[in-house]
Every structure is written in structure tokens, then in C-alpha cells.
Amino acid sequence: MAARKAEERPNMIETFKEFKDTKNIDRTTLVSVLEESFRNVIAKNFGSDENFDVIVNPDKGDFEIYRNRIVVADGEVKDENKEISLTQAQKIEPDYEVGEEVSERIDFEKFGRRNILNLRQILASKVLELEHDSLYNKYKDRVGQIISGEVYQTWKREVLLVDDENNELILPKGEQIPRDQYRKGETIRAVILRVDNENNNPKIILSRTAPTFLERLLEAEVPEIHDGLIAIKGIARMPGERAKIAVESYDDRIDPVGACVGVRGSRVHGIVRELCNENIDVINWTANTKLYIQRALSPAKVSSLNVDEENKKAEVFLQPEEVSLAIGRGGMNIKLASMLTGYTIDVFRELNGEVAEEDIYLNEFADEIDTWVIDAIKALGLDTARQVLNAPREMLIEKADLEEETVDNVLNILRAEFEN
């Protein structure tokens, strides 16, 4: 037993020292938690902790426990926890008298192995809870801010980063720019998207694809935005590909677009590199909806447009040579313009001052027609549904090298679209 007891105290002190170095917990809170944990064990063993003094020294990683009892005449002890006989008191100090208070240090190993282990578990649990609270409180008000983290581990679904205090940060796959590549030990920047705190287990979720990330990068690069002279009114992103930003100046002397782009693009170069060469278009914001949609569709030049403000729809009419610019590669320009303005935009060709029939790019039918079939037809210079419908059937079969059944199926799908 002596050997076992000798082991207990070093183990307890060692455990205690772990807590004194606990990060993110202020000294006062730590002392309070440690004292409360000790008192719980004392009350369990002695029935009450009222007459005990618990002295915790987190700086040294040590503690002392004293029991205070009143000296009573021999044979009159009614509560051994709060009273001590004169004979027993005088064994501690010969000059004690009845009515005086005896303060006696308690060796914690006397509480027994089970209680010591129980205390260690209580301490570990409470300190972990405090760490979680501290982490949550640290980050809950920082949502929307940029943070730098070191890549610690990469998985298929997410990347684990750590901040300068070794707290874990999570960058999910869906919040990563498609062309991003991460290596362990490198530092990357992201915006704090949200802080989840399910079951008091905080998770800090980051994003590199959120519009807020681009907004914060611009604030850092453009002093006029940081100073409030220029406001970012809207951002639309296709991460890693292209972005459109609408800005407004509160100072007539400042050109908001020029200020954001900088001389020869100097102010956006660093941002473009950060976002894996994401092209950034900056336009002047305006409260005039028609003009805003026109600017959002740049570099295309719009001839005219009709706006349905109630249903948030816009019909845009352009010269034939402007249509491809308005739609953009893979429909990217028109998608970003819709995202930026909040309007569904339909594009129409204008021929000799008259509006041509509505047309649809073949790529829009990728969910019904095999990609290789679309590519074969486009190789003939036919990019839209009406161009295909107006082309001779035999030409599609011979020059596109397609089976008759395949061509007929394509024509039926395209006709059905316009009939609907």
C-alpha cells in the first residue's frame, strides 16, 4: 500500500501541471474550476466541504488542502469532520485549548486511489469544456474575417488547418477553389464562414469560395474601400474561374472601378493569384436596374432590354456578334450577371433592327444529348438549336458522321424545346 500511495501524489501533481499550461483559459477561471473539483471530492468523502480551505497555485502546478475543526472536550465530539477532541488536537500542537480552531493539512493521497482517479477525470472533463467554450467565444464574433492557417492534414472531403494557437480549422471540399492544391506545412488564407457548436464541440468552418473572401481581400488591397470611400454593392463568383464585382463611390472625385483595379491591374493582381487566376471584372453599381444589367453583361453591348421587376426577369436584345460575348464561355458571363443583379436574364438576337426568334446553345442540351454528339455537330459550325434545325438532315448524317437514328433523336429533342 505504501508503494501505491507513493505513486499517487506524483501522478496527481503531474496531472495538475497539465492543466496549469492549458491554453485559452484565464487564470481566475482555471483556479475556480480546480477548486470546485477538489471541493466536490471533499464533500463526497467528508459529507461537507464548508470547513475546508483549498489553496490552488496554478503557476507552480500545486495545491494544498486544510481542514478546520473546533477543539472540544474529550468525549464530546459529535461531528468528526468539524470537531476534534482536546487530546487529538494537542497531538498536533500541545498548547491547543477547548474552543480554538485547528487547521490541519490533508494529504490528498488519503482520499484513496478511486477518488484521485475520479478527480483527474473531473478536471480533464471541466478543462476540456472550458477549452471548447473559449474556442467558441474566440471565433463566434470573427465570422466573415480572413484568417491564416497552416495545413496540418489533407483528406478527400476536407483540409485540416491549425491556427497560431494550434486550434483546429476545417476547410471543406465544397469551400475550396477547384484548382487549389494544399501541402502539409504551408500557410493558406480563408474566410471564417461559420462556427458550429453542436454538443459544445466547436468547429470552425472556413471558405475560399465565399463572396465574402473576395470582399475581404479587396478591403485589404484597396484603401478607399477600407476607409469607406468606396462600397462593394455586390459580388458574384464562379470560384477559380471568374468574378464580377459592383462598386459605388461616395466621393465624386474617385473612380471606383479604377481605384479597385489599380494602375495596370496592380491592385487586383495579388487577389487574382490568391484565387488561382480567377478573372475579376469590376463595374459601376447603379440603382437604375436596366443600366445595372447592361453593365453586368459587359463586355457585351446591349441594344435594348425589357425588365420585369416583379418577377425579377430581364429580356436582353443584342446584335448577333454580341451574343457570344454576353453569354460567355460555358455561359459564365450571363450566369455571373444574373447572380450579381438578382435577375433571370434571357438573351435574344436582333437582326436588321428586328428581334430574331429565341435560340438556345447546344450545350444547354447536355443532359439530353450525349456530349460527343454535340461536339460532332458543333464541329460543322452549328452552335445553336435553330441552326441545327435549319440545316439539311442529310448534311448532319454525312458530315457529322452520325447514325440516322441519332440525328433524328437530336432533331426531335430540339423541336420539342421550341414547341414547349
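As a reminder, the structure under discussion sits directly above these lines.
Residues numbered from 1 in each chain as written. Predicted model: local features only at pLDDT ≥ 70, side-chain atom pairs only at ≥ 80, totals over all residues. Heavy atoms only, no water.

(A) Representation of the packing of aromatic side chains. Overall, the coordinates contain three aromatic pairs when judged by the stated rule. Where F46 meets F52, the ring centres are 5.0 Å apart and the plane angle is 45 degrees; that geometry is what we call tilted. The class for F52 is buried, based on a relative accessible area of 1%. On the numbers, 6.4 Å between centres and 70 degrees between planes, the contact of W285 with Y292 is edge-to-face. According to the relative accessible area criterion, W285 is partly exposed, its value standing at 27%. Here the guanidinium or amino end of K184 rests over the ring plane of Y152, the centre of that ring lying 5.1 Å away. (Phe/Tyr/Trp six-rings, centres within 6.5 Å; stacked < 30°, edge-to-face > 60°. Buried < 20%, exposed > 50% of the residue type's maximum accessible area, 1.4 Å probe, protein only. Lys NZ or Arg CZ within 6 Å of the ring centre and 35° of its normal.)

(B) Expanded view of the nonpolar core. With 25 residues, the main nonpolar core has L214, L218, I245 and V247 as its most contacted residues. Looking at this core, the elements with two or more residues in it are helix 5 (211-221), strand 10 (230-238), strand 11 (242-249), helix 7 (256-261), helix 8 (266-274) and strand 12 (279-284). Sorting elements by how many residues they give to this core places helix 5 first, with four residues. When residues no more than four places from it in sequence are discounted, the contact partners of I245 are L214, L218, I232, G234, I235, I280, D281, V282 and I283. (Core = buried A, V, L, I, M, F, W, Y, C linked by side-chain atoms within 4.5 Å. Helix = DSSP H or I, 4+ residues; strand = E, 2+ residues; numbered from the N terminus. Contact = heavy atoms within 4.5 Å.)

(C) Highlighting the pattern of salt bridges. This structure, assessed with the given rule, holds 22 salt bridges. Between R242 and D281 there is a salt bridge, with the nearest N and O atoms lying 2.7 Å from each other. Highlighted residues: R242 in strand 11 and D281 in strand 12, separated in sequence by 39 residues. Overlapping salt bridges, with partners in common, bring together D180, R189, R208 and E274 in one network. (Salt bridge = Lys/Arg side-chain N within 4 Å of Asp/Glu carboxyl O.)

(D) Expanded view of the sheet that holds strand 9 (residues 203-207). Spatially, the five strands close up into a barrel ordered 5-6-7-9-8, and their pairing is mixed. In this sheet, neighbouring strand axes are inclined to one another by 55 degrees on average, regardless of whether the strands run parallel or antiparallel. In this structure, strand 5 (residues 146-154) lies alongside strand 8 (residues 187-196), joined through five bridges in antiparallel fashion. Looking at the pairing, S148 lines up with R189 of strand 8. (Pairing = 2+ DSSP bridges. Axes fitted to C-alpha atoms, helices over the stretch in contact; angles between N-to-C directions.)

(E) Quick look at the packing of helix 2 (residues 27-46) against helix 4 (residues 113-140). Taken N-terminus to C-terminus, the directions of helix 2 and helix 4 make an angle of 150 degrees; their axes are 10 Å apart at the nearest point. Taken together, the axis directions place helix 2 and helix 4 in an arrangement best described as roughly antiparallel. Every pair of crossing elements has a handedness; the one defined by helix 2 and helix 4 is right-handed. Residues T29, L30, V33, L34, E36, S37, F38, V41, K44 and N45 of helix 2 form the contact with helix 4, whose own contacting residues are N115, N118, L119, I122, L123, K126, V127 and L130. Residues that form the contact of helix 2 with helix 4 fall into these classes: ten nonpolar, five polar and three charged. (Parallel < 35°, antiparallel > 145°, perpendicular 65-115°, else oblique. Left-handed = near helix turned anticlockwise from the far one by under 90°. Nonpolar A, V, L, I, M, F, W, Y, C, P; charged D, E, K, R; others polar.)

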